[in-house]
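Remarks on the overall topology
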Amino acid sequence: MQKENKYKNILYAKKDKVATITLNRPKSLNALNTALLTELRDALEDAETDAAVHTIVITGSGEKAFCAGADITELVEKSPKEASEWSSWAQGITTYMEKLRKPVIAKINGFCLGGGLELAMACDLRIASEKAVFGLPEINLAIIPGGGGTQRLPRLIGKTKAMEMLMCGEHIDAEEAFRVALVNKVVPADKLDSEVDELVKRLLSKSPVTLGILKDAVNRGIEMDLERALQYEAECFGHAFATEDAREGLKGFLEKRK
Ligand code: CO8
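Residues numbered from 1 in each chain as written. Predicted model: local features only at pLDDT ≥ 70, side-chain atom pairs only at ≥ 80, totals over all residues. Heavy atoms only, no water.

Turning our eyes to something else, we now look at the sheet that holds strand β5 (residues 104–108). Strand order in the open sheet made by the 6 strands is β1-β2-β3-β5-β7-β10, with mixed pairing throughout. Edge positions in the open sheet fall to β1 (10–15) and β10 (185–187), since each of these has one partner strand only. Going from strand to strand, the sheet's axes swing by 20° on average, the running direction of each strand aside. Relative to strand β7 (residues 125–129), β5 runs parallel, the two sharing 4 bridges. What sits directly across from isoleucine 105, in β7, is leucine 125. (Pairing = 2+ DSSP bridges. Helix = DSSP H or I, 4+ residues; strand = E, 2+ residues; numbered from the N terminus. Axes fitted to C-alpha atoms, helices over the stretch in contact; angles between N-to-C directions.)

Given below as structure tokens:
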């Protein structure tokens, strides 16, 4: 565990191969302001480049929220040009997280709205407390999502339900989020930590380099036409074979070792 936390808007801890980033503005339900997002980017870069980190967990502080979206007190001041530039910049952070070659888990402990859901959707796996609430309510402010929400939501859950969530701006509960495959699992609030720990344990048993190749194959391939995507999978299959871990994994099976 780090002795000092140099950040003001997030908590960042590294322990047992896991980097945990906690969005930490509980008084505003962990709303994303520029300072928080800048710190998030910095922590993600640290976690990506630290060879001792295998898996990254992102969560929110306090009982109530994972993240209630972009900080509206900051948004209200933006000109159209500034809003567009800020959206591109914030998208860069979610895309960075999606592309970095380590598993990223969203541990969703409460409200997961707007930019908060956009952040969660750029993670690889999402585990939610049964108290969690999801939505892209931007339309209620007469704006639209700008952190990838109009694009990642339909890709994740299909256009029909995504369009409903985007156009009506209503919240859905955790059970509904699971039903539409927006989250991987829903658990009682008091089991959220242990459930994520268990998932992390399962991931830690996998080769980190191969997980990175796998993540890249899925995320890049899904944006290609099938023919090109299958070619890309074959290239990635080759990359996996170039790793020590694959040699050991294949031989280990034949020699009846784990
Ligand atoms: N921004 C700023 N402050 C917020 C935000 C927010 N998004 N959400 C809540 N807060 C503040 C409240 O103003 C309140 O502050 P105070 O105590 O000083 O009055 C405090 O947090 C607690 O909130 P509430 O009193 O409202 O708590 P409730 O339990 O009554 O309601 C809700 C909780 C339903 C979550 C409600 O706070 C709410 O609707 N919040 C706004 C949600 C929203 O509209 N989010 C979308 C914002 S726009 C956006 O995300 C665009 C994304 C752009 C790109 C992002 C890049 C990743």
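Right, let's talk about the state of the cysteines for a bit. What the rule picks out here adds up to 0 disulfides. Here cysteine 67 is not disulfide-linked; the sulfur of cysteine 112 is the nearest cysteine sulfur, at 7.4 Å. In this structure cysteine 67 comes out as buried when scored by relative accessible area, which is 0%. Cysteine 112 provides the cysteine sulfur closest to cysteine 123, a residue in no disulfide bond, and the two sulfurs are 8.9 Å apart. (Disulfide = S-S within 2.5 Å. Buried < 20%, exposed > 50% of the residue type's maximum accessible area, 1.4 Å probe, protein only.)

Right, let's talk about the site of the ligand for a bit. Around the ligand, the surrounding shell holds 25 residues, and the nearest of these are Lys64, Ala68, Ala70, Ile72 and Gly115. A distance of 2.8 Å separates an oxygen atom of the ligand from a polar backbone atom of glycine 115. Summarising the interface, the protein chains cover 65% of the accessible area of the ligand, which totals 1100 Å² for the free molecule. Among the elements of the structure, α2 (72–75), α3 (80–99), β6 (111–113) and α4 (115–121) are those that each provide at least two residues to the shell around the ligand. Considered class by class, the residues forming the shell around the ligand number 13 nonpolar, 7 polar and 5 charged. (Near = heavy atom within 4 Å. Polar contact = N/O pair within 3.5 Å; in protein donor to acceptor, adjacent residues only side chain to side chain. Areas by Shrake-Rupley, 256 points an atom, 1.4 Å probe, with all protein chains shown as cover. Nonpolar A, V, L, I, M, F, W, Y, C, P; charged D, E, K, R; others polar.)

Looking at the assigned domains, one finds that the protein contains domain 1 (2–204) and domain 2 (208–254). For domain 1 and domain 2, the distance between their C-alpha centres works out to 27 Å. Of the residues lining the interface, 12 residues belong to domain 1; the matching set on domain 2 comes to 8 residues. Three residues stand out in domain 1 for area buried against domain 2, namely His54, Arg101 and Arg155, and they jointly supply 62% of the buried area on that side. Between arginine 101 and aspartate 216 there is a salt bridge whose closest N-O contact spans 3.2 Å. (Domains from an automatic or database assignment. Contact = heavy atoms within 4.5 Å. Buried area = accessible area lost by both parts, 1.4 Å probe. Salt bridge = Lys/Arg side-chain N within 4 Å of Asp/Glu carboxyl O.)

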